[in-house]
Amino acid sequence: MEITDEQWAVLEPLIPVPPQRADRKGRPRREAREVLSGILWVLRTGAAWEDLPDRYPPHQTCHRRF
């Protein structure tokens, strides 16, 4: 399930921007829009997180942010 531009315009202000680490270590964050699309795919299909297709971020990322 892909989020349309109109839907994202409504949702984006509701999703908080996480603080950046002061030491700037760690992996680059995935975009909130693509993570939300992955979460919605799992909720819509009822599939396990591990079955998330490759077009979405890693299932660990989506599950953690869910």
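Residues numbered from 1 in each chain as written. Predicted model: local features only at pLDDT ≥ 70, side-chain atom pairs only at ≥ 80, totals over all residues. Heavy atoms only, no water.

Remarks on the layout of surface pockets
Stage number 1. One number sums up the size of the largest pocket: a volume of about 980 Å³.
Stage number 2. In this structure, the largest pocket is lined by 28 residues; those nearest its centre are P18, P28, R29, R30 and R65.
Stage number 3. When its residues are assigned to classes, the lining of the largest pocket shows 13 nonpolar, four polar and eleven charged. (1 Å grid on protein atoms, 1.4 Å probe; cavity = no way out; pocket = protein on both sides within 12 Å on 5 of 7 lines; lining within 4 Å. Points joined across faces, edges and corners; volume = space filled by probe spheres on them. Nonpolar A, V, L, I, M, F, W, Y, C, P; charged D, E, K, R; others polar.)

Looking at the pattern of salt bridges
Stage number 1. Under the counting rule described, the total for this entry stands at three salt bridges.
Stage number 2. D5 is paired through a salt bridge with R33; the nearest N and O atoms lie 2.9 Å apart. Pair noted here: D5 is in helix α1 (residues 5–11) and R33 is in helix α2 (residues 32–45), with a separation of 28 residues, a long-range link.
Stage number 3. Of the residues examined, D5 reaches a relative accessible area of 56% and is grouped as exposed. (Salt bridge = Lys/Arg side-chain N within 4 Å of Asp/Glu carboxyl O. Helix = DSSP H or I, 4+ residues; strand = E, 2+ residues; numbered from the N terminus. Buried < 20%, exposed > 50% of the residue type's maximum accessible area, 1.4 Å probe, protein only.)

Quick word on the environment of H63
Stage number 1. Within the secondary structure, H63 sits in helix α3 (residues 59–65).
Stage number 2. Taking the C-alpha atoms as reference points, H63 and P19, 44 residues apart in sequence, are found 19 Å from one another.

Observations regarding the environment of R30
Stage number 1. Within the element layout of this structure, R30 appears in the loop between α1 and α2.
Stage number 2. Apart from the residues within four sequence positions on either side, R30 is in contact with V35, P57, P58, T61 and R65.
Stage number 3. Within the structure, the side chain of R30 is placed 2.9 Å from the side chain of E34, a separation counted as a polar contact. (Contact = heavy atoms within 4.5 Å. Polar contact = N/O pair within 3.5 Å; in protein donor to acceptor, adjacent residues only side chain to side chain.)

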